[in-house]
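Chain by chain, the residues run as shown.
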Amino acid sequence: MTNSLWYKNAVFYEISVRAFKDSDGDGHGDLQGLTEKLDYLKDLGVDCIWIMPIYPSPLRDDGYDIADYYSVDKTYGSLDQLKTLIEAAHQRGIRIITDLVLNHTSDEHPWFQSARADKNSPYRDYYVWNDDDKKYAGVRIIFQDVETSNWTWDEKAVQYFWHRFYSTQPDLNFDNPNVQDEMLNVVRFWLSMGIDGFRVDAPTYLFEREGTNCESLPETHAYLKRMRRMIDADFPNAIMLAESNQWPRELIQYFDNGDEFHMAFHFPLMPRIYLALAQGDASAIVKILNDTPVIPANCQWTTFLRNHDELTLEMVTDEERKLMWREYAPEEKMILNLGIRRRLAPILNNDRRKIELVNSLLFTLPGSPILYYGDEIGMGDNLNLPDRHGVRTPMQWDDSLHAGFSAGTPFTEMVQGDYHYLKVNVADQMKSQHSLLRTIQKMISLRKQYAALGGNQLEWVETDNPAVLAYLRGQGDEAILVLNNLSEHVQVAHIPAEYQTSGQNLFEDRPYILNAHVSLQPYSYLWIKL
Ligand code: BGC
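Source: prediction; values computed, not measured.

(A) Main features of the nonpolar core. Counting 151 residues, the largest nonpolar core has Tyr 13 and Leu 41 as the members making the most contacts within it. Looking at this core element by element, the count peaks at eight residues for helix α6 (residues 177-193). With near-sequence residues (within four places) excluded, Leu 41 lies in contact with Tyr 13, Ile 15, Phe 20, Leu 34, Val 46, Ile 49 and Ile 94. Counting residues in hydrophobic clusters, the runner-up holds 15 residues, among them Leu 483, Ala 493, Val 518 and Leu 520.

And the structure:
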């Protein structure tokens, strides 16, 4: 598959392999199971899957703590099965990216084991050590629910080691040239196998320097650029996607001159979609997109509503966060760190109108959208499970025992109550033309049919109504007017004279006359081709 700009208008789909489909009845989803479900993803319209880490790991952070960068944990299958998956996906025109965890390893990685056991080990300097825990003072703690410091004392090493995440995830020392080279080898290994790129986990924290916040340092960018040069030279169709939770004006350093990352998650947009909905007022979305600079032509944002982590509220004010917690996380157990550990449908009270509306935004605003597995059918979560595991439960395929996920006992407790698989599953929603799944499928197919929806051209349309977010995508021959009513009441949107014309309602596939005023039902949306 060649087309080096494929990611600029692609629909991504994030998968936890363990939770997607179990092919051998051991209760764990695996690579073969995922391979069996590729036709489902093809039908849905997915262009690229992002698979969460499948490397050997003690799973203290669900695989983001890697114990071996060069193989696949046997519960998922083998490297050969991965190759089969890649081939089968490529045959269907689907690409696959995986997580690349650069910043840290598991404390069970042989490098760390050797490093802590022996001061003279060649791996000692692979990590960041210090005699006291005072260095890099003031650097923020990310997993603040669990960690009280970025330093942890190691009895064996008789020193402290540095970690930005869990204390079971020691940070690698990127000042060591061997670490730098090692990680380039890891990249080469997976790309040679046919992987199409990486969601680069936590690239912000690679280097540390005294007197800074140790984030996005020049040394970090220089190294990431080096990685990009290698990829461009040897694997020109592969991408690097940055997971860096920053303001757009800071994030563009990660695109720089189009010579660092191809893509970056638009983190601040995500909570503002929920905020705007809670406020019944579009201005939070308008403001953040107006604050989003133009990016180089070979770069693209990735947009999303949910992922495998908590819905992070780092990027809103204290007041906005309180409002969103009140609205979307009314019970204490729903909150994690600065976020909300729930899935999309429960966050929105399973209100079909709201679920469709936020997806209307996802599929019509600029950026390449990423869907989180299961959200296309409105799957629920399981708050009995700790940490972020409640949003990583088995995919609900049908109403047979264990949701058609596994013939054995699933690795975790399934979702109960209103979102039980007897009520929410793929098979049922396939049968009905009116299901959420069918609507999402339709949104994706319209997005692909109309290039205007995939480009980055966006013009706000003034409707004299703050509850209505209206914009024009594309221009000239292909222009699409999108209207979204963010409020719980019927709203009237004024349509400026230049758009008062005849068009086509893309969902109903019939003519639509735009008059001076359009009346919009609560939480409804309209996509009109002019
Ligand atoms: C991942 C998390 C993980 C963390 C540490 C993140 O950005 O999304 O799931 O816990 O990196 O690797």
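(B) Here's a closer look at the sheet that holds strand β12 (residues 335-336). On the basis of which strands lie adjacent, the open sheet formed by three strands has the order β11-β13-β12 and antiparallel pairing. Strands at the two margins of the open sheet, each flanked by one partner only, are β11 (311-312) and β12. Bridge analysis of β11 against strand β13 (residues 339-340) gives two bridges, and the strand direction is antiparallel. By the bridge assignment, Leu 311 is partnered in β13 with Ile 340.

(C) Spatial organisation of the state of the cysteines. For the structure on display, the rule yields zero disulfides. Here Cys 48 stays free of any disulfide, with the sulfur of Cys 299 as its closest cysteine sulfur at 16 Å. Judged by relative accessible area, which is 0%, Cys 48 ranks as buried. Note on Cys 299: relative accessible area 1%, which makes it buried.

Conventions and cut-offs
Residues numbered from 1 in each chain as written. Predicted model: local features only at pLDDT ≥ 70, side-chain atom pairs only at ≥ 80, totals over all residues. Heavy atoms only, no water. Core = buried A, V, L, I, M, F, W, Y, C linked by side-chain atoms within 4.5 Å. Buried < 20%, exposed > 50% of the residue type's maximum accessible area, 1.4 Å probe, protein only. Helix = DSSP H or I, 4+ residues; strand = E, 2+ residues; numbered from the N terminus. Contact = heavy atoms within 4.5 Å. Pairing = 2+ DSSP bridges. Disulfide = S-S within 2.5 Å.

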